Amino acid sequence: MSPATPGLGTTLQERIDALHAWPAGEALPEAAEEVVGELLGRLEAGSLRSAVLEDDGSWAAVPWVKRGILVAFRSGRVTPVAAPGGSVVDARAPSAFLDKHNLPVRRFTAGEGVRVVPGGSAVRRGAYLGPGVVCMPPMYVNVGAWVGAGSMIDSHALVGSCAQVGERVHLSAAAQIGGVLEPVGAAPVVIEDDVLVGGNAGVYEGTVVRRGAVLAAGVILTRGTPVFDLVREKVYRAGPSRPLEIPEDAVVVPGGRAVTGEWGRAQGLSLFAPVIVKYRDAGTDLATTLEDWLR
């Protein structure tokens, strides 16, 4: 259990909630630095997550953790930082990079088993990367994100704040996994284990991609995107209180659907529509083993 901080409470959650509720016009107490440091350290160690898998199989945000990240931004001072490692530099000298002093770029030791290839990549403090994760330059992982063991983040890929990426996932070049901090109750994007996200694909607004799914290059998934399943003859949509979900082992490709209005039909217009064309089998698995060669 965390030591008590006078006036803030005993547990880390109590202290974060007290700091988050601190009057907007007043400076945060000095204890905020220690509280933020403990939160970010636990996120990096993987003992704490910004989203969790519930017993019913749904994913939910952990609001107090997200409030803690917001406290980190509020309490941080903007200082010059050097690109490699995010170390603080002379505050009097011009700098190409300026960021919050308490959210620098992470450094890794060889014992952590993470491989970050030189060339402009950055993992922000407060993000977890499991053993065997490979980061190809340039890529970026933001605060609060979780990337499971054995996953690959390819060049120009982004893992947004609080996004959850499972084990043995391949995020191909320029894939975008959206993040969310506010509202604190909003669930993040979730990419479950053994998913392949193709190049230039984008997953946003709390979408959940279930284990084993394959998103072909160029697939874009948002809360407002309907996904058409040719195999099961269904349409998947987000609801008022549920995210868009891609089923396990689904293979999703970019598609189109005709515009229904008379004028649109006359112009031959169509709208983007992701389509599930099959479900993953042994043949699909063989097609995705290129990931193993890249390790």
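Residues numbered from 1 in each chain as written. Predicted model: local features only at pLDDT ≥ 70, side-chain atom pairs only at ≥ 80, totals over all residues. Heavy atoms only, no water.

Draft legend 1. Structural detail: the overall build of the chain. Regarding its fold elements, the chain presents six helices and 28 strands. Against the 2.2 N^0.38 benchmark of 19 Å for 295 residues, the chain shows a C-alpha radius of gyration of 21 Å, consistent with a compact globule. The buried share of the chain, reckoned over its 295 residues, is 46%. Taking the intrachain contacts of the chain between residues at least 6 apart in sequence as the baseline, contacts between residues at least 24 apart amount to 39%. If you sum the accessible surface of the chain, you get close to 14,100 Å²; carbon and sulfur atoms cover 57% of it. If you average the places of the 27 positive and of the 31 negative side-chain charges in the chain, the two averages end up 3 Å apart. (Helix = DSSP H or I, 4+ residues; strand = E, 2+ residues; numbered from the N terminus. Rg over C-alpha atoms; globule rule 2.2 N^0.38 Å. Buried < 20%, exposed > 50% of the residue type's maximum accessible area, 1.4 Å probe, protein only. Contact = heavy atoms within 4.5 Å. Areas by Shrake-Rupley, 256 points an atom, 1.4 Å probe, with all protein chains shown as cover. Lys, Arg positive; Asp, Glu negative; His and termini not counted. Charge placed at Lys NZ, Arg CZ, Asp CG, Glu CD.)

Draft legend 2. Molecular detail of the nonpolar core. Counting 38 residues, the largest nonpolar core has V141, I153, V159, L171, I191 and V209 as the members making the most contacts within it. Going through the elements one at a time, strand 25 (250-253) and strand 28 (275-279) are the ones with two or more residues in this core. The contact partners of I153, leaving out residues within four places of it in the chain, are V133, V134, C135, M136, M139, V141, V147, V159 and L171. With 24 residues, the next largest nonpolar core counts L8, L28, I69 and A72 among its residues. (Core = buried A, V, L, I, M, F, W, Y, C linked by side-chain atoms within 4.5 Å.)

Draft legend 3. Quick peek at the packing of aromatic side chains. One pass over the full model with this rule turns up one aromatic pair. Between R49 and the ring centre of W146, over which it is positioned, the NZ or CZ distance is 3.6 Å. (Phe/Tyr/Trp six-rings, centres within 6.5 Å; stacked < 30°, edge-to-face > 60°. Lys NZ or Arg CZ within 6 Å of the ring centre and 35° of its normal.)

Draft legend 4. Here's a closer look at unusual backbone geometry. The peptide bond linking P137 to P138 adopts the cis configuration, its omega dihedral lying at -15°. Mapping P138 onto the fold places it in the loop between strand 8 (134-135) and strand 9 (140-141). For the bond from E182 to P183, the omega torsion is -5°, close enough to zero to count as cis. Note on placement: P183 falls in the loop between strand 15 (176-177) and strand 16 (190-191). With a phi angle near 60°, R168 is a residue other than glycine that sits in the positive phi range. Taking the relative accessible area as the measure of exposure, R168 reaches 39% and is therefore partly exposed. Positive phi is not limited to glycine here, since E205 has a value of about 55°. Looking at the secondary structure, you find E205 in the loop between strand 18 (202-203) and strand 19 (208-209).

Draft legend 5. How the structure looks around the sheet that holds strand 13 (residues 164-165). The sheet built from six strands is open, its strands ordered 7-10-13-16-19-24 with parallel pairing. If you trace the sheet from one side to the other, it starts and ends with strand 7 (128-129) and strand 24 (245-246), each paired once. Relative to strand 10 (residues 146-147), strand 7 runs parallel, the two being bridged by two bridges. Bridge pairing in strand 10 links Y128 to W146. (Pairing = 2+ DSSP bridges.)

Draft legend 6. Region of interest: the sheet that holds strand 14 (residues 170-171). With mixed pairing, the 10 strands of this open sheet are ordered in space as 5-8-11-14-17-20-25-28-22-23. Two strands close off the open sheet at either side, each with one partner strand: strand 5 (115-116) and strand 23 (234-236).

Draft legend 7. Region of interest: the pattern of salt bridges. Scanning all chains against the criterion turns up 13 salt bridges. The partner of R42 in a salt bridge is E38, with the nearest N and O atoms 4.0 Å apart. Within this pair, R42 and its partner E38 are both found in helix 2 (residues 31-45), separated by four residues, close to a single helical turn. A salt bridge links R106 to E44; the shortest N-O distance between them is 3.8 Å. Here E44 lies in helix 2 and R106 lies in the loop between strand 4 (98-100) and strand 5, a separation of 62 residues in the sequence. Salt bridges sharing partners connect three or more residues here, namely E44, R106, E112 and R125. (Salt bridge = Lys/Arg side-chain N within 4 Å of Asp/Glu carboxyl O.)

Draft legend 8. Expanded view of helix 2. With 15 residues, helix 2 should reach 21 Å at 1.5 Å per residue; the first-to-last C-alpha distance of 21 Å fits that figure. Turning to helix 2, its buried residues are A31, A32, V35, V36, L39, L40, L43 and E44. Next to the buried residues of helix 2 lie helix 1 (12-20), helix 3 (63-75) and strand 7. Directly after helix 2, the chain includes G46, whose backbone phi takes a positive value near 85°. (Expected span 1.5 Å × (residues − 1).)

Draft legend 9. Local environment of the environment of E192. Topologically, E192 is positioned in the loop between strand 16 and strand 17 (196-197). You can call E192 buried: its relative accessible area is 9%. Residues E192 and G120, 72 residues apart in the sequence, show an inter-C-alpha distance of 27 Å. E192 has contacts with W59, G166, V169, V208, V209, R210 and R211, leaving out every residue within four places of it along the chain. A polar side-chain atom of E192 sits 2.6 Å from a polar atom in the side chain of R210. A polar atom in the side chain of E192 sits 3.1 Å from the backbone nitrogen of R211. (Polar contact = N/O pair within 3.5 Å; in protein donor to acceptor, adjacent residues only side chain to side chain.)

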